Amino acid sequence: MTRQTRREFLKAFGTVAGLSVLSGGVGRGQASGAKGRPNILFIMTDDHASHAMSCYGSKINKTPNLDRIATEGMRFTNSFCTNSICAPCRAVILTGKYSHLNGLIDNAVKFDGSQQTFPKLLRQAGYETAIIGKWHLKSDPTGFDYWNILPGQGVYYNPATIEMGVQKQHTGYVTDVLTDNALDWLKGRKDGKPFCLMFHHKAPHREWEPGPKYLTLYDDVEIPEPATLFDDYTGRGRAAKEQDMSIEKTMTKRDLKLVTPGKLTSEQQAKWDAAYGPKNKAFEEANLQGKDLVRWKYQRYIKDYLRCIASVDESVGRVLDYLDTSGLAENTVVIYTSDQGFYLGDHGWFDKRFMYEESLRMPLVVRYPKEIRAGSVNDDIVLNLDFGETFLDCAGVSVPADMQGRSLRPLLQGRTPSDWRTSMYYHYYEYPAVHSVKRHYGVRTQRYKLIRFYNDIDEWELYDLQSDPDEMQNVYNDPRYAEVVKELTVELKRLRAQYNDTTGAPV
Ligand code: CA
């Protein structure tokens, strides 16, 4: 049968089997989109705040490859997580359900892999599914044809991975190793099925250990300090004052690379000593104190954090280049996000957890040339709760009624539904625990944020993000905001009922 005859045959009698015959006659890229369904490449990092991405206006670094996704696709300016901590965010994405329903309320809980997840649904619908990189959910991955994950948090240098249950040792820097693994999997795929690859980096998670290639990047520059580096929390309550995640008090010698990390080869150790030895000597000689010491620690911290991101940016560039050269770019939805935001010295902090802006926000850029206008920007309130639903929608798989988010596909197409959400609900649980961020829940609208801290405390905070974007002044008890407090309290109650959250103190 000639190709032309085949096409005519299919036009009249198109079947799944017939389409795969056609696929055999065309290029690899088209073949991967059998039945016209797109591939899904979900790239997620750990703790990458959007204010360290140049397409979000970063004042401290450049991320040309990450920016490419935004330039060729859509950038979301109000993407938020529902519980700002690593494993719980991942569980929300997999299930499309809030933490109290998927069971993973904090990092101590093991993920119940027997429950419904979007990769399982895609796999049932004929997708080839894979997870490569950081998993961090304690139980083995389920719903994947292929998995190759870091054990637990993983390590930066010479990491081990667990491939389908078998531990393998690698030599090199974790971001590069995981990128090699992801490219190997993409290149080794059999044609015929569309794929969904979840490609999760460990970087730039604490302790922010850079790859040898970028050890000296930023050595000769001062990184600008955030305006709130010396925040004294006078405008806020006990929760902000009693946390344990400050650069001044919490950051360790290990964080600051004043002790060398383990597991280096002798060549890597030599590079490390050459890069850090003189810096450590300079520190000891300077005998810094007070604000000067905080400033020194901030530089040390942020440079390593940004060096880790430089490797991530390079990794994403390699993967995008592969999509281009393999012909997969046109029919692949590429997403870049991070599991939550992070404090880059903002409020004097590192880490996440709080519902305050820097850790609530997630970077989110999406490229899909078939449906997204290049260079578009969306300001609607979107959540990590929506990701699974979006992928199912793009794959033509119906979204189960018990998933709690909503597909972003209309937004990607530039058509926000008139009944799109105008507020979002947040709930953080991990307390008492490391970093001592108290339990809280809250609601955020485009302009306001109402937070209620509970457990060993009962305090409310309200921020007017228009007049106070850095959230320096709690106006909950300001009579001028009495009406706002009233309305948002009703909205908070409504959201808790909508999402069926009866955990924590009743409103
Ligand atoms: Ca994280």
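Caption draft 1: Geometry of the overall build of the protein chain. Scanning the protein chain for helices and strands turns up 15 helices and 16 strands. In terms of overall dimensions, the protein chain is globule-like: its C-alpha atoms have a radius of gyration of 23 Å, near the 23 Å expected for 507 residues. Considering the protein chain as a whole, with its 507 residues, one finds that 62% of them fall into the buried category. Long-range pairs, those at least 24 residues apart, make up 68% of the contacts in the protein chain between residues at least 6 apart in sequence. Each charge sign in the protein chain was given a centre, from 65 positive and 65 negative side chains, and these centres are 5 Å apart.

Caption draft 2: Representation of the sheet that holds strand β14 (residues 440-445) within the structure. Strands sit in the order β13-β14-β15-β16 across an open sheet of four strands; the sheet is antiparallel. This sheet does not close on itself; its edge strands, each paired only once, are β13 (423-428) and β16 (459-464). Along the sheet, successive strands turn relative to each other by an average axial angle of 15 degrees, direction set aside. Bridge analysis of strand β15 (residues 448-453) against β16 gives six bridges, and the strand direction is antiparallel. Its bridge partner being in β16, K449 is matched across the sheet by Y463.

Caption draft 3: Inspection of the state of the cysteines at higher detail. The tally for this structure, following the rule as stated, stands at zero disulfides. No disulfide involves C196; its sulfur sits 11 Å from the nearest other cysteine sulfur, which is in C394. Overall, the relative accessible area of 1% leaves C196 in the buried class. The closest cysteine sulfur to the non-disulfide-bonded C308 is located on C86, 14 Å from its own sulfur.

Caption draft 4: Broad picture of the sheet that holds strand β8 (residues 195-200). Read from one edge of the open sheet, 10 strands run β7-β6-β5-β4-β8-β1-β9-β10-β2-β11, paired in mixed fashion. The open sheet has two edge strands, β7 (166-169) and β11 (376-378), and neither has a second partner. Sheet twist, expressed as the average angle between the axes of neighbouring strands with direction ignored, equals 15 degrees. Alignment of strand β2 (residues 74-76) against strand β10 (residues 364-367), held across two bridges, turns out to be antiparallel. Note that in β10 the partner of M74 across the bridge is V366. The sheet contacts of helix α8 (residues 174-188) involve β4 (128-134), β5 (146-150), β6 (160-163) and β8, and relative to β8 the element is tilted by about 170 degrees. Most of the contacts of helix α11 (residues 290-326) go to strand β9 (residues 332-338), to which it runs at about 175 degrees, and overall it touches β1 (39-45), β8, β9 and β10.

Caption draft 5: Highlighting helix α4 (residues 64-71). Summarising burial for α4: six of the eight residues are buried, a large majority. Those residues of α4 lying buried are N65, L66, D67, R68, I69 and A70. Packing partners of the buried residues in α4 comprise β2, α11, β9 and β10.

Rules used in this analysis
Residues numbered from 1 in each chain as written. Predicted model: local features only at pLDDT ≥ 70, side-chain atom pairs only at ≥ 80, totals over all residues. Heavy atoms only, no water. Helix = DSSP H or I, 4+ residues; strand = E, 2+ residues; numbered from the N terminus. Rg over C-alpha atoms; globule rule 2.2 N^0.38 Å. Buried < 20%, exposed > 50% of the residue type's maximum accessible area, 1.4 Å probe, protein only. Contact = heavy atoms within 4.5 Å. Lys, Arg positive; Asp, Glu negative; His and termini not counted. Charge placed at Lys NZ, Arg CZ, Asp CG, Glu CD. Pairing = 2+ DSSP bridges. Axes fitted to C-alpha atoms, helices over the stretch in contact; angles between N-to-C directions. Disulfide = S-S within 2.5 Å.

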